[in-house]
Amino acid sequence: MTKVKIRTVAEIVLNVEDLVGSVSFYKQALGLTVHSEEAHELPGPNATGKPTIVFLTLFDAETPLAQDRHPPMLVLIDSVRHAFAGKRLGRVQRGRTALNHFALEIDADDFNATRTHLESLGLSPSIVEFDRLNARGMFFKDPEGNTIELIAPLANR
């Protein structure tokens, strides 16, 4: 079997009910920035011209795709208004997903400050140590009920 050489994450895509609220959450909680946004709403009485999909930059990467205007991104899609997602996936039910969680690695030196920041936003991250990985993670939920893990290596013991 051929092993596919994966360079990095290109996108994590989540369907959401509250696009504006979800974008605000990820900007506040993780400091993500909007890379771009688009409106793909079917023409009709409900066509607002407001974005139905927002691309948030996760981190800078040195891959060919990232160098050509596509850094690793978290993509949020309005599951009700987005013309293509609605047809393909149907309406999302908040808190019901096949996604278990997604994890992002952070620096060990930033772990406690990040936890304090999340707590200041009213979030209650659960801390889990992974002895086998010599790492620890914090788990919390976004407004749509998706679980996010921020994982960092433990300082040398």
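Cut-offs used in this document
- Residues numbered from 1 in each chain as written.
- Predicted model: local features only at pLDDT ≥ 70, side-chain atom pairs only at ≥ 80, totals over all residues.
- Heavy atoms only, no water.
- Pairing = 2+ DSSP bridges.
- Helix = DSSP H or I, 4+ residues; strand = E, 2+ residues; numbered from the N terminus.
- Axes fitted to C-alpha atoms, helices over the stretch in contact; angles between N-to-C directions.
- Contact = heavy atoms within 4.5 Å.
- Phe/Tyr/Trp six-rings, centres within 6.5 Å; stacked < 30°, edge-to-face > 60°.
- Buried < 20%, exposed > 50% of the residue type's maximum accessible area, 1.4 Å probe, protein only.

1. Notes on the sheet that holds strand 5 (residues 102–105)
Here's step 1: Taken together, 4 strands build an open sheet; the order of strands is 5-8-7-6 and the sheet is mixed. The outermost strands of the open sheet, each flanked by one partner alone, are strand 5 and strand 6 (126–130). Adjacent strand axes in the sheet meet at a mean angle of 25° when their direction is disregarded.
Here's step 2: Helix 4 (residues 111–120) rests against strand 6, strand 7 (135–141) and strand 8 (147–153) of the sheet, and its axis sits at about 15° to strand 7.

2. Details of the packing of aromatic side chains
Here's step 1: Taken as a whole and judged by the stated rule, the model has 3 aromatic pairs.
Here's step 2: Note on phenylalanine 25 and phenylalanine 140: the rings are 6.5 Å apart at their centroids and 50° apart in plane angle, and the pair reads as tilted. Residue phenylalanine 25 is located in helix 1 (residues 19–30), and its partner phenylalanine 140 is located in strand 7; the two are separated by 115 residues in the primary sequence. Each member of the pair phenylalanine 25 and phenylalanine 140 is classed as buried.
Here's step 3: Relative to phenylalanine 139, the ring of phenylalanine 130 lies with its centre 6.4 Å away and its plane at 65°, an arrangement referred to as edge-to-face.
Here's step 4: Put simply, the rings of Phe25, Tyr26 and Phe140 pair up and form one aromatic cluster.

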